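Here is how the chains run, residue by residue.
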2 protein chains.
Amino acid sequence: MLEIRHLKSLKAIAETGKLGLAAERVFLTQSALSHQIRALETHYAITLFQRSAQGLRFTPAGQRLLDLANELLPLIDKAERDLIRLKSDQSGELRIVLECHTCFDWLTPVMDAFRRAWPEVEIDLVAGFHSDPWHLLHEGKADVVIGGLPNALSEKNSSLNHLPLFKFEIMAVLPTDHILRNKTRLTAQDFSDETLITYPVPEDRIDVIKQVLKPAEIQFNRRTAELTIAIMQLVASRRGLAALPSWGIQSYVQHDYVLAKPIGAKGLWSELYAIGTNEMMARPYAKDLARIIRDVCAEKLQGIKLL
Amino acid sequence: MLEIRHLKSLKAIAETGKLGLAAERVFLTQSALSHQIRALETHYAITLFQRSAQGLRFTPAGQRLLDLANELLPLIDKAERDLIRLKSDQSGELRIVLECHTCFDWLTPVMDAFRRAWPEVEIDLVAGFHSDPWHLLHEGKADVVIGGLPNALSEKNSSLNHLPLFKFEIMAVLPTDHILRNKTRLTAQDFSDETLITYPVPEDRIDVIKQVLKPAEIQFNRRTAELTIAIMQLVASRRGLAALPSWGIQSYVQHDYVLAKPIGAKGLWSELYAIGTNEMMARPYAKDLARIIRDVCAEKLQGIKLL
DNA sequence: GATAAATTTGAATTAAATTCATACCTAAAA
DNA sequence: TTTTAGGTATGAATTTAATTCAAATTTATC
C-alpha cells in the first residue's frame, strides 16, 4: 500500500508546505495529491495532516512517515546511482562556472552531495570572473555553466545542451525606512534617480537592468559591491536599492534588516540551467549534477520553482 | 518508477529462487512478476537476473537492488508499527504455547524480532508439556497457541480466532544405508514393522501416525527422544525411522548424515496457525506476531509455503 | 459580504498493473 | 533421440488503481 511515490509526495509537502506547490514538484495536480494522501490516511486510519487555508501541517503520524521518507529516499538515490555505475565505469571531471554571484550560497552543499555521490569524478569550480562563461565550454576550459541560457543556445547549430534547474524571483531590496516601504510591489519608475547596488558585473548580466530598467529607459546610478553582505549593509544604510534573488536575502528580511518587494506586476523571475556540451551533458554524472542541484535547492531555498 | 512493491518482489525472489514461488508469496501470478521485473530491467536498462530452468540468479545489479530491499523493508515495517502505536498506547502480554516440538528451532529469532518491534509487550513461552494446549487459552493461562487448528475451532460457537502462518512438508528420515534409500518417496507400507522415532507426545498429535499409518492400519514400533539431534542420532545408527518437518532436518540431510523422502504421493503437509481468543487476536501486536513469524520463517526456512 | 487562497470531493478519464492463455526454453528422463 | 517436467517470457484482454477535471467547500482577510 505505502509506496515510494507517497514518500516523495510527503517530502514535497514538507518542503513547500502547500499541496498545490508540492503537486507541481512531483508533477501531479493538486487534486491527485489530495487523493493520494487521503488514501494513506484511510489505509492507516490515522490523520497525517492538519489542514488549513495556510496549507498542511504534519501531525505526529505524518511526521513519522516524513521521517521515514527522509531516511529512505537518500538510500534509494544511492542505489540508483550504483546501478548507473554498474553499467560502466564512470569517472571524469566536472569544472563548473557560475554565471551568477549569489549561487555560491548553495553551491557548497551541492558540491558536497555530489562528491559523496560520485567520488570518482573530480568536481571543481573554475575561479575568476568571466564575461562570457558559455565560451569557456567551447574552449574546453569548463564543463558546465550554471546560469541562464545564452542567446547562442537558441540557435540550432549550437553544440550545447542544457538541463533545467529552477526559477526564482528577483526582489527589490530597500531600507526599512524607505519612502516606498508601504508599497506592495515596485515598478521601474520607482528606481528613477535611485542608486542601484549590484555585484561588479556588466549591465547585460543584471536582469533588473536588462529586463526592467533599460526597456523603461529609467535613469539611475550604479554602485557595486563584491559580497551579498556588503550590498545589504549599503542598502540598510540608505545608500541605494538592490535587486537580488529572494532566497539570497531571506535571512536579512526575516531579521527586519531590509525590506523586499516584488518588481513589476508579475514579479521579476529568472531561470537557471546547467549548460554544457552535448557530449558532457549526456554523461550520467552531469545529469546527476543537475538533479542534485534541484534536490538541494528545493530543500534549502524558499520560494523557488523547479523547472 | 521503482516502488516498494518491487523491493518486496525482489525479496521474495531471493527467498524462493523461483519466479512462480515468489509470485505466490506476494500474491501475484508468475506472469505479473515476470512483467514487473522486466519493467525494472527496461527502466534501468540493466539485467537484474540470469534466467535458467532452475530459476533466477541475481546479477550484481540485481543484488544491489536486493540489498536496497533488505535495507528499506525493515525500516518501513518499523514505521508502520509506529503508526499503529501512535493510534493508542499499545501494551500487554503475550504468553505463547507451542503445539509442535520442532518449532523451537525458529521461535527464538521470532521472539527476538518481536521484542524489538513491541518493547512494551511482555512476550513469554508457557513452559512444560500440555496435552490440550488450546484449552489453556480458555483457562486464561496462555494467549496464543502456535500449532494446527483444533477440532473445536471448526465449530461455530468457538470464541477462538486464528491467523494463518505457513504449511510445511513432513519428510520421512532414514539412515543413509537403508534398503529403501533409492526410492523417491515412501508409502505407509514402507513403515511396516519399522520403529518410528518421535518426540514424546501422544499419538494423535503426530501427523504421520494420525494421517498416514493409522488410516492404513500399519503395524509399527515406537520410541521417543526429546531432542531433534537425539532423533537424528537414533535414525543414523539404524534404530528406526522418523518423520519431521523438512526445515528441521535440512542441515542433517545436507551433510549426508541421514536421508529425507516425501511421504505418500503428494507428500505429507502440515499447517501452522497462530490461535487465540477473538479478543486477543484483534490486538495489533498479536496480528503482528503472526506477521513476524511469517516473515522470519519465510526467510529462514526452506521449502515452506505461506498460508 | 466579497475575495482570495487553500483543500476536498466525486465522476470521468487515463494509465498502469495484472491476468489469462499460450509460447518458449532447457535439463533430465524415457 | 524424443518426451516430459519445471521453469520463464510474451502479448492481448482485463481489471484495478491513479490521475485529472470541474465544481464545491473551507477559512482567513480586507
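Residues numbered from 1 in each chain as written. Chains lettered and ligands numbered in written order. Predicted model: local features only at pLDDT ≥ 70, side-chain atom pairs only at ≥ 80, totals over all residues.

A look at helix α3 (residues 30–44) of chain B
Residue and element names in this part refer to chain B.
Part 1 of the reasoning: Between the first and last C-alpha of α3 there are 22 Å, a value that for 15 residues agrees with the 21 Å anticipated at 1.5 Å per step.
Part 2 of the reasoning: Buried within α3 we find Leu33, Ile37 and Leu40. For α3, the buried positions fall inside an angular range of 50 degrees around the axis, keeping them on one side. More than 90 degrees from the buried face of α3, the exposed residues found are Ser31, His35, Arg38, Ala39 and Thr42.
Part 3 of the reasoning: Just downstream of α3 lies Ala45, where phi reads positive at about 50 degrees. (Helix = DSSP H or I, 4+ residues; strand = E, 2+ residues; numbered from the N terminus. Expected span 1.5 Å × (residues − 1). Buried ≥ 20, exposed ≤ 12 C-beta atoms within 10 Å, placed from the backbone. Arc of directions from axis to C-beta.)

Here we look at the pairing of strand β1 (residues 49–52) of chain B
Residue and element names in this part refer to chain B.
Part 1 of the reasoning: Where β1 and strand β2 (residues 55–58) come together, four bridges link them in antiparallel fashion. Considered in β2, the bridge of Gln50 is made with Arg57.
Part 2 of the reasoning: Counted along the chain from β1 to the antiparallel partner β2, the turn is two residues long. (Pairing = 2+ DSSP bridges.)

Focus on the protein's contact with DNA strand D
Part 1 of the reasoning: Taken together, 21 residues surround DNA strand D, and among them Thr29(A), Ser31(A), Ala32(A), Leu19(B) and Ser31(B) come closest.
Part 2 of the reasoning: When contributions to the surface near DNA strand D are tallied by element, the ones reaching two or more residues are α3 (30–44) of chain A together with α2 (19–25), α3 and β2 of chain B.
Part 3 of the reasoning: The class makeup of the residues in the surface near DNA strand D is seven nonpolar, eleven polar and three charged. (Near = placed C-beta within 6 Å. Nonpolar A, V, L, I, M, F, W, Y, C, P; charged D, E, K, R; others polar.)

Things to note about the interface of chain A and chain B
Part 1 of the reasoning: Facing the 20 residues of chain A at the interface are 20 residues of chain B.
Part 2 of the reasoning: Sort the elements by how many residues they give to the side of chain A that touches chain B and helix α4 (residues 60–87) of chain A lands first, with 14 residues.
Part 3 of the reasoning: In terms of residue class, the side of chain A that touches chain B is made up of 14 nonpolar, no polar and six charged. (Contact = placed C-beta atoms within 7 Å.)

In short, geometric facts, not functional conclusions.
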